[in-house]
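# An overview of the molecular structure
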Amino acid sequence: MTVLDEAPAPVADAPAQLLHPRVVALWRIGALLWWAFLTAAAVVATFIFEQSPWLALPVALAGVVWVIAVPPFQYRHFRYRMSAVDLRIMHGWLWRSVSVVMHSRIQHVDTHQGPVERMLGLATVVAYTAGSVGARVSIPGLAASEADVLRERLAAVSGTDDGV
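The following refers to the structure shown. (Residues numbered from 1 in each chain as written. Predicted model: local features only at pLDDT ≥ 70, side-chain atom pairs only at ≥ 80, totals over all residues. Heavy atoms only, no water.)

### Regarding the environment of alanine 41
- Checked against the element boundaries, alanine 41 lands in helix H2 (residues 23-48).
- Taking C-alpha positions, alanine 41 is 9.7 Å from valine 59, a pair spaced 18 residues apart along the chain. (Helix = DSSP H or I, 4+ residues; strand = E, 2+ residues; numbered from the N terminus.)

### As for a nonpolar patch on the surface
- Taken together, the side chains of Phe73, Trp93, Leu94 and Trp95 make up a nonpolar region of the molecular surface, amounting to roughly 490 Å² of accessible area.
- In this structure, tryptophan 93 sits in the loop between strand E3 (86-91) and strand E4 (97-102).
- Given a relative accessible area of 33%, tryptophan 93 falls into the partly exposed group. (Patch = residues over 30% accessible without salt bridge, like charges linked within 9 Å, V, L, I, M, F, W, Y side chains within 5 Å. Areas by Shrake-Rupley, 256 points an atom, 1.4 Å probe, with all protein chains shown as cover. Salt bridge = Lys/Arg side-chain N within 4 Å of Asp/Glu carboxyl O. Buried < 20%, exposed > 50% of the residue type's maximum accessible area, 1.4 Å probe, protein only.)

### Focus: helix H5 (residues 144-158)
- Between the first and last C-alpha of H5 there are 21 Å, a value that for 15 residues agrees with the 21 Å anticipated at 1.5 Å per step.
- Within the span of H5, buried status applies to Ala147, Leu150, Arg151, Leu154, Ala155 and Ser158. Summarising the axial view, the buried residues of H5 lie within an arc of 135°, below the 170-degree limit, and thus occupy one face. Seen from the buried face of H5, the exposed residues on the opposite side, beyond 90 degrees, are Ser145 and Val149.
- On its buried face, H5 sits against strand E2 (79-82), E3, strand E5 (106-112), strand E6 (122-129) and strand E7 (136-143). (Expected span 1.5 Å × (residues − 1). Arc of directions from axis to C-beta. Contact = heavy atoms within 4.5 Å.)

### What to know about the sheet that holds E2
- Read from one edge of the open sheet, four strands run E1-E2-E3-E4, paired in antiparallel fashion. Each of the sheet's edge strands pairs with one partner strand only, and the pair in question is strand E1 (17-18) and E4.
- Bridging between E2 and E3 involves four bridges; their strand directions are antiparallel. Across the sheet, the residue bridging to arginine 79 is methionine 90, located in E3. (Pairing = 2+ DSSP bridges.)

What follows is the structure in structure tokens.
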């Protein structure tokens with residue numbers, strides 16, 4: 001019998017949850033801003049090096065493809081699950097990642113909203129744990145009311161709402 005044979009099966013007492021569909025718009029806006037910056041930098045570089053500004057066209061086209069195609073893939077491949085003992089965050093469509101945070105390791109839980117998130121009615125839940133590597137896990141793109149409920153549930157099960 002190997003160590004892998006002795007490992008307990010993952011707790012699956014709750015179904016994996018999807019993010020709010022409006023997160024696709026949030027990610028598209030963020031990608032659009034990033035690619036607009038990269039395209040502008042490419043245009044400036046063509047002027048600095050006295051080249052045709054049309055050389056920046058591939059950067060702009062890559063940005064258009066990215067903004068249209070990538071956020072839906074991100075959305076379809078992002079899940080989270082809160083079980084009786086842990087919080088699991090699964091994401092990635094090319095490189096897949098699973099983060100498991102035991103409730104007992106959570107030190108505090110926050111919700112964050114940037115201006116675009118507020119405009120879209122979304123929020124991000126952030127759970128902080130002890131340690132330096134992976135000491136912060138985030139669940140973006142939740143409806144603001146759902147984020148508040150999740151934050152309070154995580155605080156209650158982890159014991160961070162005890163006033164200490």
